[in-house]
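# Close look at the chain arrangement
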Amino acid sequence: AGLSCKFSTTALHATFAAHCGPGALGAGVTAVTDSLRLRVSTPASSMGKKHRTKKDPCPKGCGGRFAAGPMVAHLKSCGRNTPPPSQTYTLSPDEDVWPNSEIRCVLCGGQAPMIAHPVTKKLFASCAKWYDPRHRDRDAARRARNDSKAARSALGGHSMIQARGDQIIEWRARIESLNGSRLDELVAFTSENQDWRTDDNRSVLLEALARRVEITDKEGYYSRLETRLGEVDPADVPKLWGGTNYREVCQSVQTLVRCPRGDPMFGRLPPLTTLLTFGTVESSLLALVDKEVRRIRASMRKAASGAASRHVVRERSRLSTNVRGLLIFDVNRRSAGVQTTSALAQRRRWRDGPNGFGLRLKAEGVGLLAQCLPRQLRVASPRAVKNLDCDFGGVANNQPIYQGPNVKLDGEGLVGDATTREYSRPANVGIARVLQTLSSGDHVVLQVCCFGEEVVEYPTDGGTWRDDFGRAAVHFLATYDAGVYDKHVAPNPREWARNWTRHLLEEDGCGGVIYGRPCSLVVNGETYGRCPYTDPLFCLLANSLDRTVCRVALDLDYRWDRDQPRDDTSVLPAWAGNRDWREALLRAATPHADDALRIAEVEILPRVAAAFADEDGDPCAALREGYAAVALGAETMGPGPYLAGVRQRYVDTVAPTVLEELGRARRFVIETYNVHDLDAGPVSTRYRFEPRTGLDDLLGAPDTSRLPPVPRASSPGRGGVDALTSALAASPSNF
């Protein structure tokens, strides 16, 4: 009728008749109901025709088309968060160099269409990436795919084939001879044979069970029986933190220790040794990857100016890290056999296969064991252990001290409250309180623990500390923790710095850290917070790690009366876990941890470190080469002689360097930045030395005669840095 009107559906007819006349309903009117526009168009010429609802494509790029109502429901469940990149399939852009082929590109898949040649009109297979040699060589790609399938099948991979007809096993059907169903028989079997996974006669037991449940005439009955038994008797997955699941961790360790067959992937080495080797290597890779990221950023940051250039720096650093850094963790998992080519191969290797280890673990449980055991056995890299100091990071750092998981104490709201809220948070509250008293003229230094014995300093004036510390925190993450910076800080560094500074002032104990990195303030020579050099908990953690490395370097076997963990209640509360479980775990697993540390330091890590140091090196290939050397040596010499040879090589090549370092005072590397010119890099690098403790019974008292006398201040932290710097300047040849 030419009017712009809005009506509800219930009052549409009445209101429409009142405004536009009773005879105008069939003339074609547009009405808006709620949030949807409903087109009411019923001219006489279109009466009786079926109306087709308009469907729009999914904006997330899944390829579906939906009407307005179904689109809302679809968007909630659509798994595609971003539209896929547009693919343009073409024929060869240069037929003389890259001739067309009728063989379809294996990598492009079935979505690449056949396109007629513009001259000959003959159909050829198109491709989206002619510049990639893997796409151009169709025959080689097809052979590689077939070889991969064959290798996966050889390792236990399989293709799912649905059983049909007589091959279907009715697990719940009643069997007269059993007086019940097959499933009931499996439940009874697992109850009577709780250790069926680790039983030396497991294959005989399962064959007898298969005959009893009458499935020996079925194709693949043995593997199908194993799968069903795994569902009836599911595996326990150990958790990383929960004290109640420490039992599963101890049971898993005992299962690996008792495994009589060894690891067939590494020449029948003990499976616990190979698992701990993987965990030890992965902890050391964290330090190498961190250095790689910092090296890339340092060389590129000098030329970066403006938001666009900084974005390029982040992108190129991220891509380079993926190529040389983050990819190496996946290579490490696969090379060590922690992650296999298929779920069936994973289960047969770690659980129920003919050469399986009998673990009651799923894939994620194996990964959790590999993460927590090197920490508890004190063979993980110090840089991977001493890297976090937030509430949850501190809980992880306590594992090497306790040599067990943190256990919730009586009266605690959360695990670790006794240490974080009663020990670390009061120090953070001290930082918040002293910041409120700063004024112009106060000399303030922000100290941040980077990794282990690496400290970064940002000196400034007390009158401008808010802006200067915000810039310093952003710079620290961009330089020393690229992953956190790209994810949390890069979108809006100014806003992030403002929020971090505000939390630093709050007296709730949550300040004093930069994404887990502990901070401290030196105000006019007085230290507030947790001093990175003399903090009791930091020193206790470092001494615990040093003690294990020292014992291995001295070629001493683990002895419970000498090496058992002891509580230091002046720093941490007494461990409240099951001490019998811990003693059994340490007695059984520590010899394997010592062997894992030697293998990592002799066979694997030197190759990887050399590859990282070389500009054109391939760390992934070096890592594979290291694991291949372990497998070849164990297969050639046998597991016992090989471990003895690695032990001797460690004593001859690695131990002298380790003992020389442990015989000296602990050295801290301190890098100082100018907060007004952060892109210029550190303006100075100096060292601070602190004596080691806790090694006298192993190493003897360290020789400190060559150390210059260092004057000590009357209060803790006051003047310590300046006094030591003066001592270094007075006698630089001593260092």
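Residues numbered from 1 in each chain as written. Predicted model: local features only at pLDDT ≥ 70, side-chain atom pairs only at ≥ 80, totals over all residues. Heavy atoms only, no water.

### Side note on the overall build of the chain
- Assigned secondary structure in the chain consists of 26 helices and 15 strands.
- For the chain, the proportion of its 735 residues judged to be buried stands at 47%.
- Excluding contacts between residues fewer than 6 apart, the proportion of contacts in the chain whose partners are at least 24 apart in sequence is 64%.
- Accessible area of the chain: about 37,700 Å², with a carbon and sulfur share of 53%. (Helix = DSSP H or I, 4+ residues; strand = E, 2+ residues; numbered from the N terminus. Buried < 20%, exposed > 50% of the residue type's maximum accessible area, 1.4 Å probe, protein only. Contact = heavy atoms within 4.5 Å. Areas by Shrake-Rupley, 256 points an atom, 1.4 Å probe, with all protein chains shown as cover.)

### Comments concerning the environment of Leu 285
- Its location among the elements puts Leu 285 in helix α9 (residues 271-301).
- Judged by relative accessible area, which is 0%, Leu 285 ranks as buried.
- Expressed as a C-alpha distance, the spacing of Leu 285 and Val 608, which sit 323 residues apart in the sequence, is 8.5 Å.
- When residues no more than four places from it in sequence are discounted, the contact partners of Leu 285 are Ile 328, Phe 329, Asn 332, Val 608 and Leu 623.

### Let's talk about the packing of aromatic side chains
- For the structure shown, the criterion picks out eight aromatic pairs.
- Both rings, one in Tyr 458 and one in Tyr 673, keep their centres 5.6 Å apart while their planes meet at 20°; by these two values the pair is stacked. With Tyr 458 in strand β10 (residues 454-461) and Tyr 673 in the loop between β14 (666-672) and β15 (684-690), the pair connects residues that are 215 residues apart, well separated along the chain. Neither residue differs from the other here; Tyr 458 and Tyr 673 are each classed as buried.
- A centroid spacing of 5.1 Å and a plane angle of 85° characterise the contact between Tyr 533 and Phe 668, whose relative ring orientation is edge-to-face. One end of the pair, Tyr 533, is in the loop between β13 (526-529) and α20 (536-553); the other, Phe 668, is in strand β14, and 135 residues separate them in sequence. (Phe/Tyr/Trp six-rings, centres within 6.5 Å; stacked < 30°, edge-to-face > 60°.)

### As for helix α8 (residues 246-258)
- The end-to-end C-alpha distance of α8, which contains 13 residues, comes to 19 Å, matching closely the 18 Å that a straight helix rising 1.5 Å per residue would cover.
- Turning to α8, its buried residues number three or more, namely Tyr 246, Glu 248, Val 249, Cys 250, Ser 252, Val 253, Thr 255 and Leu 256. (Expected span 1.5 Å × (residues − 1).)

### Some thoughts on the environment of Arg 502
- Of note, Arg 502 is situated in helix α19 (residues 493-505).
- Judged by relative accessible area, Arg 502 falls into the partly exposed class, the value being 43%.
- Taking the C-alpha atoms as reference, Arg 502 lies 9.0 Å from Arg 466; in sequence the two are 36 residues apart.

### Description of the side chain of Ser 92
- Along the polypeptide, Ser 92 turns up in the loop between α2 (68-77) and β5 (114-116).
- The class of Ser 92 is buried, set by a relative accessible area of 11%.
- In this structure Ser 92 touches Trp 98, Asn 100 and Trp 130, once residues within four positions along its chain are discounted.

### Brief notes about the nonpolar core
- Ranked by internal contacts, the top residues of the largest apolar core, which has 77 residues, are Ile 328, Leu 373, Leu 585 and Leu 623.
- Not counting chain neighbours up to four residues away, the residues in contact with Ile 328 comprise Leu 285, Val 289, Val 608, Phe 612, Pro 619, Cys 620 and Leu 623.
- Within the second largest apolar cluster, 36 residues are counted, among which are Cys 450, Phe 451, Tyr 480 and Cys 519. (Core = buried A, V, L, I, M, F, W, Y, C linked by side-chain atoms within 4.5 Å.)

### Topic: α20
- When the terminal C-alpha atoms of α20 are compared, their 25 Å separation across 18 residues agrees well with the 26 Å that a helix rising 1.5 Å per residue should span.
- The element α20 is extensively covered by neighbouring structure, given that 15 of its 18 residues are classed as buried.
- Put simply, Asp 535 is the residue that caps the front of α20, since its side-chain oxygen is 3.1 Å from the backbone nitrogen of Leu 537.
- A positive phi of about 60° marks Asp 555, the residue just after α20. (Polar contact = N/O pair within 3.5 Å; in protein donor to acceptor, adjacent residues only side chain to side chain.)

### With respect to the packing of helix α5 (residues 182-192) against helix α7 (residues 221-232)
- Following both chains from N to C, one finds α5 and α7 inclined at 70°, their axes separated by 10 Å at the closest point. Classified by the interaxial angle, the pair formed by α5 and α7 is roughly perpendicular. Taken as a pair, α5 and α7 cross one another with a handedness that is right-handed. Facing α5, whose interface residues are Leu 183, Leu 186, Val 187, Phe 189 and Thr 190, α7 presents Leu 225, Arg 228, Leu 229 and Val 232.
- In terms of residue class, the contact of α5 with α7 is made up of seven nonpolar, one polar and one charged. (Axes fitted to C-alpha atoms, helices over the stretch in contact; angles between N-to-C directions. Parallel < 35°, antiparallel > 145°, perpendicular 65-115°, else oblique. Left-handed = near helix turned anticlockwise from the far one by under 90°. Nonpolar A, V, L, I, M, F, W, Y, C, P; charged D, E, K, R; others polar.)

### Examining the pattern of salt bridges
- Applying the stated criterion to the full structure yields 29 salt bridges.
- Two residues, Asp 557 and Arg 647, come together in a salt bridge whose shortest N-O distance is 2.7 Å. Of this pair, Asp 557 sits in the loop between α20 and α21 (560-563) while Arg 647 sits in helix α24 (residues 639-662), and the two are 90 residues apart along the sequence.
- A salt bridge links Arg 559 to Asp 561; the nearest nitrogen and oxygen atoms lie 2.9 Å apart. (Salt bridge = Lys/Arg side-chain N within 4 Å of Asp/Glu carboxyl O.)

### Comments concerning the confidence of the model for the chain
- Averaged over every residue, the pLDDT of the chain is 76; residues scoring 70 or more account for 75%.
- Scored below 50 in pLDDT, residues 22-50 makes 32 contacts in the model with residues more than four places away or belonging to other chains.
- The model gives residues 701-735 a pLDDT under 50, and that stretch makes 40 contacts with residues more than four places away or in other chains. (pLDDT = per-residue confidence, 0-100.)

### Some remarks on the packing of helix α22 (residues 579-613) against α24
- Packing of α22 against α24 brings their axes to within 9 Å, and their N-to-C directions diverge by 65°. Classified by chirality, the crossing of α24 by α22 is left-handed. Taken together, the residues of α24 that come into contact with α22 (itself represented by Asp 595, Leu 597, Arg 598, Ile 599, Glu 601, Val 602 and Glu 603) are Tyr 642, Leu 643, Val 646, Arg 647, Arg 649, Tyr 650 and Val 654.
- Counted by class, the contact of α22 with α24 contains eight nonpolar, no polar and six charged residues.

### Describing the environment of Arg 360
- Position of Arg 360 among the secondary structure elements: in the loop between α11 (343-350) and α12 (363-376).
- Between the C-alpha atoms of Arg 360 and Thr 255, which are 105 residues apart in sequence, the distance is 8.9 Å.

### A look at unusual backbone geometry
- The residue Glu 214 is not glycine, and still its phi comes out positive at about 60°.
- Take Glu 214: it is sitting in the loop between α6 (202-212) and α7.
- On the basis of relative accessible area, Glu 214 is assigned to the partly exposed category, the value being 40%.

### Considerations on the state of the cysteines
- In total, this model carries zero disulfides according to the counting rule given.
- Among the cysteines around Cys 531, which has no disulfide bond, Cys 539 carries the closest sulfur, lying 8.3 Å off.
- According to the relative accessible area criterion, Cys 531 is buried, its value standing at 10%. (Disulfide = S-S within 2.5 Å.)

### Quick look at the pairing of strand β9 (residues 443-449)
- Counting buried positions over the seven residues of β9 gives six, a clear majority of the element.
- Here seven bridges tie β9 to β10, and the two strands are oriented antiparallel to one another. Each bridged residue has a counterpart across the sheet, and for Val 445 the counterpart in β10 is Pro 459.
- Taken together, β9 and the strand that follows it, β10, pair antiparallel across an intervening segment of four residues, in which Gly 452 is found at a positive phi of about 55°.
- One ladder, built from five bridges, connects β9 with strand β12 (residues 517-523); its direction is antiparallel. In the sheet register, Gln 447 faces β12, and the bridge partner there is Ser 520. (Pairing = 2+ DSSP bridges.)

### Observations concerning the side chain of Glu 603
- Inspection of the secondary structure assignment puts Glu 603 in helix α22.
- At 3.1 Å, the side chain of Glu 603 forms a polar contact with the side chain of Arg 649.
- When sequence neighbours within four positions are dropped, the list of residues in contact with Glu 603 reads Gly 626, Ala 629, Val 630, Tyr 642, Val 646 and Arg 649.

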